Amino acid sequence: MPVTIEKYSRPRGLKAENGWILKPNIVSVDPGNGKWSAFYADAGHVYSVNIPHGRVPVTGDRLDDIPGVAQADITYVDWNGTRYGIGEGVWNYATRYPVETFQGSELRYGSDLHIMAIIATIALLRVPSSEPLFLVVPVPPGLMSTVLPATGETVRDRVQHVLTNGQRGDGSGTWTIAINEGKPITYTLKRVIVIPEGLGGYAAYRWTLQGEEIKLMSEDNTRDLLAGRVVIGDLGLGTADKLVLFKGEIAPEELQHATDEDGGLYTHMIQPILDIIVSETGLRHLRAPHVDEWLRRWAKSRYSPDAARVVVGNYQIDLHDTFVRLQNKYADYVLQTLIEPERRKGANAFAEVGGGWLFIENKIRSSYPKFPFLTPLDWQHVRGIPLFELNGYGGLPFAANNIRVHKR
């Protein structure tokens, strides 16, 4: 399916008598293990693209129009001498080569696939290339200071250096890409700010697109839920990240253990499903994006049994009971390793970030019916932002608040 641009309406009550803080050259990019996304604001409206993780080498060939015969409409990019297909379901149409993914390793940060995801989403979003860009890019908090043996750099420094060095490694910060045989686009990256995953989610809850603070008051209106000890639980495809803030400040001594590399959907739902498919069919060509697509379809249907029937080769498999069993096990894991330990340490609230919550939120909330869990549906300023886009979207209010504080 072709990649499309989403436009979020200007949040209600957002005013800018003195002009908009965010300029179109400020871009928040989240090239995650499950999704690649990018966001920028123009006159208070937010535009975004969001596509599944993965790319497939393709030719880009098309047949001349044949009456009555449809062709798969694949979005592809020309990048570093290779043409890749990207976007929803590309792995079902472009099968000459296996889908390429890069998950579960700190080596993915600053890799060719990681950088391509960043530049491709910026280009697909049609961010203006007329002036240098300022990027906000997240990495798992537990990996921020991890030293890569090959380069001696931390993951944070590696991402910054690769992006600002540019495609030729000459320090120019320029990157060139082409979309669907269009004219090559060259972007110049002026500054890259790398933040811990989860901080974008916190920023989305805490600040407006103008960088103004919003207090999230408790039901009895006696306290701000983001004051005190707050845990940002970012449950993604690859990792479960726990970012702890106290009175709005990051607790740096907790960053070292903030990333559970076995805490994401891949370990707890996707890999077990792949194992079941291999056991029942003997087919081994499937990869994480295939199963991720099935799970997203199931969640979108509100967990309908019909949406859990999949066709693999000549097999039709009903996975509903498997999905339910695995989501319950995953909820138990999060309860035991994240929620309960932090609750006992005195957490005042948990802020939900990431697509993993789509599968476990109901069980988590029913286990702690009186404990405050923050979700976008409860707050007007983020109500239209999906959980799996919250971390990427939050880079914009994060940048806006930094600009506002700096101006002061």
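Residues numbered from 1 in each chain as written. Predicted model: local features only at pLDDT ≥ 70, side-chain atom pairs only at ≥ 80, totals over all residues. Heavy atoms only, no water.

**Side note on the overall build of the chain**
Item 1. Scanning the chain for helices and strands turns up ten helices and 18 strands.
Item 2. Against the compact-globule benchmark of 22 Å for 408 residues, the chain has a radius of gyration of 21 Å, which places it among compact chains.
Item 3. Across its three principal axes, the chain shows a C-alpha extent of roughly 65 × 50 × 45 Å.
Item 4. Residue burial in the chain is summarised as follows: out of 408 residues, 54% are buried.
Item 5. Long-range contacts, defined as pairs at least 24 residues apart, comprise 67% of the intrachain contacts of the chain with a sequence gap of at least 6.
Item 6. Accessible area of the chain: about 19,000 Å², with a carbon and sulfur share of 48%.
Item 7. On the chain, the mean spot of the 43 positive side-chain charges and the mean spot of the 46 negative ones are 4 Å from each other. (Helix = DSSP H or I, 4+ residues; strand = E, 2+ residues; numbered from the N terminus. Rg over C-alpha atoms; globule rule 2.2 N^0.38 Å. Buried < 20%, exposed > 50% of the residue type's maximum accessible area, 1.4 Å probe, protein only. Contact = heavy atoms within 4.5 Å. Areas by Shrake-Rupley, 256 points an atom, 1.4 Å probe, with all protein chains shown as cover. Lys, Arg positive; Asp, Glu negative; His and termini not counted. Charge placed at Lys NZ, Arg CZ, Asp CG, Glu CD.)

**Regarding the nonpolar core**
Item 1. In terms of nonpolar packing, the biggest core is built from 43 residues, with I273, W294, L295, I339 and I360 touching the most fellow members.
Item 2. Among the secondary structure elements, those contributing two or more residues to this core are strand 11 (229–235), strand 12 (240–246), helix 5 (265–281), helix 6 (288–300), strand 15 (309–312), helix 7 (320–344) and helix 8 (357–367).
Item 3. Here the element with the most residues in this core is helix 7; it accounts for eight residues.
Item 4. When sequence neighbours within four positions are dropped, the list of residues in contact with W294 reads I273, I277, L286, V310, V312, L319 and F323.
Item 5. Formed by 42 residues, the second largest nonpolar core is a distinct cluster that contains W36, A117, L163 and Y187. (Core = buried A, V, L, I, M, F, W, Y, C linked by side-chain atoms within 4.5 Å.)

**A few points about the confidence of the model for the chain**
Keep in mind that low pLDDT regions are not for reading the predicted coordinates in detail.
Item 1. Scored by pLDDT, the chain has a mean of 88; 91% of the residues are at 70 or more.
Item 2. Averaged pLDDT values for the elements of the chain fall to 53 in strand 1 (residues 6–8) and rise to 97 in strand 9 (residues 174–179).
Item 3. Segment residues 9–13 is flagged for pLDDT under 50; beyond a separation of four residues in sequence, or across chains, it makes eight contacts in the model.
Item 4. Low confidence marks residues 66–71, where pLDDT is under 50. Its contacts with residues over four positions away, or in another chain, come to three contacts. (pLDDT = per-residue confidence, 0-100.)

**Description of the side chain of E342**
Item 1. With respect to the secondary-structure elements, E342 resides in helix 7.
Item 2. A distance of 2.8 Å separates polar atoms of two side chains, one belonging to E342 and the other to R229.
Item 3. Look past the residues within four positions of E342 in its chain and what remains in contact with it is R229, V231, K242, V244, E254, A347 and F350. (Polar contact = N/O pair within 3.5 Å; in protein donor to acceptor, adjacent residues only side chain to side chain.)

**Observations regarding the pairing of strand 11**
Item 1. Burial of strand 11 is extensive: seven of the seven residues sit out of reach of the surface.
Item 2. Covered by surrounding structure in strand 11 are R229, V231, G233 and L235 together with V230, I232 and D234, the residues of both alternating faces.
Item 3. Hairpin geometry of strand 11 and strand 12 is characterised by an intervening segment of four residues between the two adjacent antiparallel strands.
Item 4. Bridging between strand 11 and strand 17 (residues 349–353) involves five bridges; their strand directions are parallel. Looking across to strand 17, one finds that D234 is bridged to V353. (Pairing = 2+ DSSP bridges.)

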